[in-house]
Amino acid sequence: MLIDGEKWACEACVRGHRVTTCKHHDRPLIRINRKGRPFSTCSVCNNTPCPTPEEHTKLKREAEAKSSSKVQCDHAPPPETPLNL
Ligand SMILES: [Zn+2]
Ligand SMILES: [Zn+2]
């Protein structure tokens, strides 16, 4: 249901995806956040919201891919790899 322009629903209706049709005024209500993700601070440029989210999401993914491949390869480097490049 809508109260003062905000969406509210009881827990059962939130879980059942019946937020808009909830009429359970007798139950404790939960405020539903607006559709879409709330603006989050970009970890790449530290702006809220990020001016170039697509670009920075890509950068973040690339960084994550790199760090996850590091985790898989945490053993000693192969002997043929020179340590002081
Ligand atoms: Zn309800
Ligand atoms: Zn950014």
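What comes next is a walk through the structure. Along each chain, residue indices are assigned from 1 in the same order as the chain's sequence is written. Chains carry letters from A onward and ligands carry numbers from 1 onward, assigned in written order. Per-residue local features are limited, in this predicted model, to residues with pLDDT of at least 70; the limit for side-chain atom pairs, both in listing and counting, is 80 or more; totals at the level of whole chains, interfaces and linings are taken over all residues.

1. Notes on unusual backbone geometry
A cis geometry characterises the amide bond from Thr 48 onward to Pro 49, with omega recorded as -10°. Of note, Pro 49 is situated in the loop between β3 (29-32) and α2 (53-72). Here the phi dihedral of His 17 falls at roughly 55°; this positive angle occurs in a residue that is not glycine. A run of H or I in DSSP counts as a helix once it spans at least four residues, and a run of E counts as a strand once it spans at least two, with each numbered from the N terminus. By the element assignment, His 17 lies in the loop between α1 (11-15) and β3. A positive phi angle, near 60°, is found at Asn 46, a position not held by glycine. Tracing the sequence through the fold places Asn 46 in the loop between β3 and α2. Judged by local crowding, Asn 46 falls into the exposed class, with 8 C-beta atoms found within 10 Å. Each residue is classified by how many other C-beta atoms fall within 10 Å of its C-beta atom, where C-beta atoms are placed from the backbone; a count of 20 or more means buried, 12 or fewer means exposed, and values in between mean partly exposed.

Read these as spatial facts, not as claims about activity.
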